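Residue-level structural notes
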Amino acid sequence: MLNKENLSIEEKIKLLNGRSGEIIAEKQNWRYFVMSDGPHGLRKRGICYPNMSLVSSSWDPLLLYEMGEAIGYDCNAEGVDVLLGPSVNIKRNPLCGRNFEYISEDAYLAGTLGAAYINGLQSTGASACVKHFCCYNQETNRFTQQVYADEDVVMDTYVRVFKVLLKKSNPDFLMTSYNNLNGEFVSQNEHLLKYVLRKLLGFKGVVISDWGGVNYRWKSLKAGVDINMPGDEDTSWKEVAEAMDKGLISEENLERALDYVLVALEKCQKKKQVKENNKQLLRR
């Protein structure tokens, strides 16, 4: 197990931000997370599969498992630890520019097929990052959009997809969405992240923000966002340190996040198996 006892408070905080985390990991001689976009192919070298909307129209969990598995081996070949996918957003707005990468407008179907994809990908030793939690339906004004929904709608539709998925799979990572939900940004929403995601749904992986999806780092850390992406080298940690000095956030919040991250970092240090692409799968 990677040892956190040698880390100072400053280093612990920095490890929880993408860019500064790389620097701290390098000092410790640890491999830090290499992440890449998906979900229907690795955004490096590798096979580009039909998009998730089309593949999911098969209603075939085995096919999604095999697709995830093949992309997982592509991740290993390219030195990618975390694939940023699958996307299980519930389709609501036909003008959403990313509907092609979302599985379905149905929570059960999206959760079931998303879980199959995750199980296939993680069987290779690579990690999946399911996204976006939650109520994220459009790209227009995505950094500032305000979403208002009754609690029963949130739970029965938008949370349900993650409930189904987490019963059938254990993704190593989960990404929060940009949007504000009922007056609070998801990345700062303690009710959603600590109570719903962690306690009700039992998620045990690492929670990361979307890129630039954090407004106040100390609030997001307190709420349950373990890693701020992409983070920075020398700003966010000072904000957290100052909040700790003022008693706005406890060291317990920091240690909780660090424990989740160290488990995932431990997996990164392991050697991954590589297999040749199965082009018969692409044809199928």
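Here the residue numbers are simple positions, counted from 1 along each chain's written sequence. Two thresholds apply to this predicted model, a pLDDT of at least 70 for residue-level local features and 80 or more for giving and counting side-chain atom pairs, whereas whole-chain, interface and lining totals are computed over all residues. Only heavy atoms go into the side-chain values, all of them from the structure, while hydrogens and water stay out.

Our next topic: the pairing of strand β3 (residues 127-133). Each residue is placed in one exposure class: buried if its accessible area under a 1.4 Å probe, protein chains only, is under 20% of its type's maximum, exposed if it is over 50%, and partly exposed if it falls in between. In this text, helices come from DSSP runs of H or I with a minimum length of four residues, and strands from runs of E with a minimum of two, each type numbered from the N-terminal end. Of all seven residues that make up β3, seven are buried, and the element is covered over most of its length. Handedness of the strand β2 (residues 82-84)-helix α5 (residues 107-122)-β3 crossover: right-handed. Alignment of β3 against strand β5 (residues 173-176), held across three bridges, turns out to be parallel. Along β5, the bridge assignment pairs Val 130 with Leu 174. Place the viewer so that the strands point away; then a crossover is right-handed whenever the path from the first strand over the helix to the second strand goes clockwise. Only when DSSP finds a minimum of two bridges between them are two strands counted as paired.

With that settled, the discussion passes to the sheet that holds strand β6 (residues 180-181). As summarised here, the arrangement of the three strands in space is β4-β6-β7, forming an open sheet in which the pairing is mixed. The open sheet has two free edges, formed respectively by β4 (146-147) and β7 (184-185), since each of these has just one partner strand.

Once that is clear, we can look at the sheet that holds β3. The five strands are arranged β1-β2-β3-β5-β8 in an open sheet whose pairing can be described as parallel. The open sheet has two edge strands with one neighbour each: β1 (35-37) and β8 (206-208). Neighbouring strand axes in the sheet, compared pairwise and without regard to direction, differ in orientation by 30° on average. The sheet contacts of helix α8 (residues 190-200) involve β3, β5 and β8, and relative to β3 the element is tilted by about 130°. In this description, a line fitted to the C-alpha atoms serves as the axis of each element, helices being fitted only across the stretch in contact, and the angle between N-to-C directions of two axes falls anywhere from 0 to 180 degrees. Any two residues whose heavy atoms approach within 4.5 Å are treated as being in contact.

Moving on: the packing of aromatic side chains. Within 6.5 Å between ring centres, the rings of Phe, Tyr and Trp (the latter by its six-membered ring) count as paired, and their orientation is classed by plane angle as stacked under 30 degrees, edge-to-face over 60, tilted in between. Applying the stated rule across the entire model yields five aromatic pairs. Plain terms: the ring middles of Phe 33 and Phe 173 are 5.3 Å apart, the flat faces sit at 90° to each other, and that makes the pair edge-to-face. Within this pair, whereas Phe 33 is found in the loop between α2 (18-27) and β1, its partner Phe 173 is found in strand β5, the two being separated by 140 residues in sequence. Here Phe 33 matches Phe 173 in class, with each residue buried.

Before going further, it helps to examine a positive patch on the surface. A cluster of basic residues, Arg 160, Lys 163, Lys 167 and Lys 168, forms a positive patch on the protein surface. Assignment of secondary structure puts Lys 168 in helix α7 (residues 160-168). For patch detection, residues must exceed 30% relative accessible area and be free of salt bridges, and they are connected within 9 Å for like charges or within 5 Å for nonpolar side chains (Val, Leu, Ile, Met, Phe, Trp, Tyr). What sets the accessible areas is the Shrake-Rupley method with a 1.4 Å probe; for residues, cover comes only from the shown protein chains. Any carboxyl oxygen of Asp or Glu that lies within 4 Å of a side-chain nitrogen of Lys or Arg is treated as forming a salt bridge with it. The charge count includes Lys and Arg as positive and Asp and Glu as negative, but it does not include His or the ends of the chains. Where a charge lies is defined by one atom per residue type, namely NZ (Lys), CZ (Arg), CG (Asp) and CD (Glu).

Looking at where Gln 122 falls in the secondary structure, it is placed in helix α5. Distance and chemistry together define a polar contact, namely a pair of N or O atoms within 3.5 Å, with one atom able to donate a hydrogen and the other to accept it when in protein, and with adjacent residues in sequence counting only for side-chain atoms on both sides. A polar contact of 3.1 Å, which involves the side chain of Gln 122, links it to the backbone nitrogen of Ala 128. Of the polar contacts made by the side chain of Gln 122, one reaches the backbone oxygen of Asn 170; its length is 3.0 Å. Discounting chain neighbours no more than four positions away, the residues touching Gln 122 are Ser 127, Ala 128, Asn 170, Pro 171 and Asp 172.

Before going further, it helps to examine α7. Within α7 the residues assigned to the buried category are Val 161, Phe 162, Val 164, Leu 165 and Leu 166. On the buried face of α7, the contacting elements are α5, β3, α6 (151-158), β5 and α8.

All right, on to a negative patch on the surface then. On the surface, Asp 150, Glu 151, Asp 152 and Asp 156 cluster together to form a negatively charged patch. Tracing the backbone shows Asp 150 in the loop between β4 and α6.

Below, the discussion takes up the packing of α6 against α7. Two elements in contact, α6 and α7, have axes separated by 4 Å at closest approach and are oriented at 35°. Residues Met 155, Asp 156, Thr 157 and Tyr 158 of α6 pack against Arg 160, Val 161 and Phe 162 of α7. Residue classes follow a fixed rule: Ala, Val, Leu, Ile, Met, Phe, Trp, Tyr, Cys and Pro count as nonpolar, while Asp, Glu, Lys and Arg count as charged, and any other residue, Gly among them, counts as polar. Looking at the contact of α6 with α7 residue by residue, the classes come out as four nonpolar, one polar and two charged.

On to the side chain of Asn 137, then. Tracing the backbone shows Asn 137 in the loop between β3 and β4. A polar contact of 2.7 Å, which involves the side chain of Asn 137, links it to the backbone oxygen of Ile 90. At 3.4 Å, the side chain of Asn 137 forms a polar contact with the side chain of Tyr 158. Residues in contact with Asn 137, not counting those within four places in the same chain, are Ile 90, Arg 92, Asn 93, Cys 96 and Tyr 158.

In the structure shown here, the tally under the stated rule is 18 salt bridges. Of the charged contacts, one joins Arg 98 and Glu 139 as a salt bridge, the two residues approaching to 3.7 Å between their closest N and O atoms. Of this pair, Arg 98 sits in the loop between β2 and α5 while Glu 139 is found in the loop between β3 and β4, placing the two residues 41 residues apart along the sequence. Classification of Arg 98 as buried rests on a relative accessible area of 15%. Glu 190 is the partner of Lys 194 in a salt bridge, and the nearest nitrogen-oxygen pair spans 3.6 Å. Residue Lys 194 and its partner Glu 190 are located together in helix α8, separated by four residues, close to a single helical turn. Look at Lys 194 and you get partly exposed, because its relative accessible area is 31%. Of the residues examined, Glu 190 reaches a relative accessible area of 34% and is grouped as partly exposed. One salt-bridge network, held together by shared partners, links Lys 4, Lys 12, Glu 255 and Asp 259.

Honestly, it's all geometry; don't read function into it.
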